[in-house]
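Each chain is listed here by its residues.
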Amino acid sequence: SKMNKIKVLHLVESLDDFYGGPAKSIPLLCSSINSNIFNVEIHSVRGKEADTNYFCEKYSVRWMQHKYVFFRSFSLSISMFVYIFKIVVANRRVIIHTHNFWNFVPMLAYFLKIFFRNKVVLVISLRGNISREQTKKKIVWALFQKNMIKIADSIHVTNLKDYNNI
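Predicted model only: the values in this text are computed from it and were never measured. (Residues numbered from 1 in each chain as written. Predicted model: local features only at pLDDT ≥ 70, side-chain atom pairs only at ≥ 80, totals over all residues. Heavy atoms only, no water.)

Colleague: Can you help me understand the state of the cysteines in this one?
Modeller: Should the sulfur atoms of two cysteines be covalently bonded, the bond is a disulfide. Enumeration over the complete set of coordinates arrives at zero disulfides. Not engaged in a disulfide, the cysteine Cys56 finds its nearest cysteine sulfur in Cys30; these two sulfurs lie 7.3 Å apart. (Disulfide = S-S within 2.5 Å.)

Colleague: Quick question: what am I supposed to make of helix H3 (residues 78-90) here?
Modeller: Structurally, the α-helix is built with 3.6 residues per turn, so residues lying three or four positions apart point the same way. For H3, spanning 13 residues, the distance from its first C-alpha to its last is 18 Å, which sits close to the expected 18 Å at 1.5 Å a residue. Residues of H3 that are buried include every one of Met80, Ile84, Ile87 and Val88, and no others. Buried positions in H3, seen along its axis, are confined to an arc of 95° and lie on one side of it. H3 presents Lys86 and Ala90 as exposed residues on the side facing more than 90 degrees away from its buried surface. For H3, the elements touching its buried residues are strand S1 (6-12), strand S2 (38-46), strand S3 (63-67), strand S4 (94-98), helix H4 (104-116) and strand S5 (120-125). (Helix = DSSP H or I, 4+ residues; strand = E, 2+ residues; numbered from the N terminus. Expected span 1.5 Å × (residues − 1). Buried < 20%, exposed > 50% of the residue type's maximum accessible area, 1.4 Å probe, protein only. Arc of directions from axis to C-beta. Contact = heavy atoms within 4.5 Å.)

Colleague: Any chance you could explain the packing of H3 against H4 here in plain terms?
Modeller: Helices that pack against each other are described as a pair by the angle of their axes relative to one another and the distance between those axes. Between H3 and H4, whose axes approach to 11 Å, the crossing angle comes to 30°. Considered as vectors, H3 and H4 are oriented roughly parallel to each other. For the element pair H3 and H4, the recorded crossing hand is right-handed. Residues Met80, Phe81, Ile84, Phe85, Val88 and Val89 of H3 pack against Phe104, Val105, Leu108, Leu112, Phe115 and Phe116 of H4. (Axes fitted to C-alpha atoms, helices over the stretch in contact; angles between N-to-C directions. Parallel < 35°, antiparallel > 145°, perpendicular 65-115°, else oblique. Left-handed = near helix turned anticlockwise from the far one by under 90°.)

Colleague: Sorry, what's going on with the nonpolar core here?
Modeller: Across soluble globular proteins, nonpolar side chains have a tendency to be buried as a group. Leu11, Ile84, Val88, Ile96, Phe101, Leu112 and Ile124 are the most contacted members of the largest nonpolar core, which totals 28 residues. Secondary structure elements with two or more residues in this core: S1, H3, S4, H4, S5 and helix H5 (135-151). Counting residues per element, this core draws most heavily on H4, at seven residues. Val12, Cys30, Val40 and Cys56 belong to the second largest nonpolar core, which has 12 residues in total. (Core = buried A, V, L, I, M, F, W, Y, C linked by side-chain atoms within 4.5 Å.)

Colleague: Explain the sheet that holds strand S6 (residues 154-156) to me, please; I cannot follow it from the model alone.
Modeller: Two pairing modes exist for strands in a sheet, parallel and antiparallel, and in both the strands are linked by backbone hydrogen bonds. Spatially, the six strands line up as an open sheet ordered S3-S2-S1-S4-S5-S6, and their pairing is parallel. Only two strands of the sheet have a single neighbouring strand rather than two, namely S3 and S6. The average undirected angle you get between the axes of adjacent strands in this sheet is 20°. Each of S1, S2, S3, S4 and S5 touches H3; the most contacted strand, S2, lies at about 165° to it. (Pairing = 2+ DSSP bridges.)

Coordinates in, geometry out; function isn't part of it.
Below you can see the structure in the form of structure tokens.
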């Protein structure tokens with residue numbers, strides 16, 4: 001019988017070429033994952049205009065962009081929520097790898113992990129942004145991030161400061 005591929009969803013605030021490191025590293029990571037075993041997609045949030053990503057095009061990485069509502073900095077996307085929710089419902093197990101920590105994108109991953117428990121394998125990449133010096137970051141940390149780190153199945157830390165903070 002034909003083996004069902006494991007769904008892997010990479011969630012990131014932006015993947016536009018001007019976004020920096022993740023715009024290169026995430027598509028390269030996705031292009032290196034065995035497509036015979038895994039069905040990999042990247043999901044990001046965008047404004048009115050579509051973002052562009054050289055590496056997604058070059059390596060034919062599946063990338064879906066979802067429009068945000070309200071404020072760009074919060075990156076709330078109803079269409080991203082609905083789309084990802086439907087994928088999790090339709091699959092036996094889904095790996096969700098989030099590459100942000102301070103907006104709607106990781107909050108979505110967190111709530112899906114809480115709601116679906118073992119059906120969602122949660123991987124978080126901190127990417128050097130776990131410090132909690134600002135008041136709003138202290139609030140967000142208390143609301144969900146502290147617990148998100150506790151329930152994550154894997155944590156990808158890219159520097160010693162983040163490692164020491166968790």
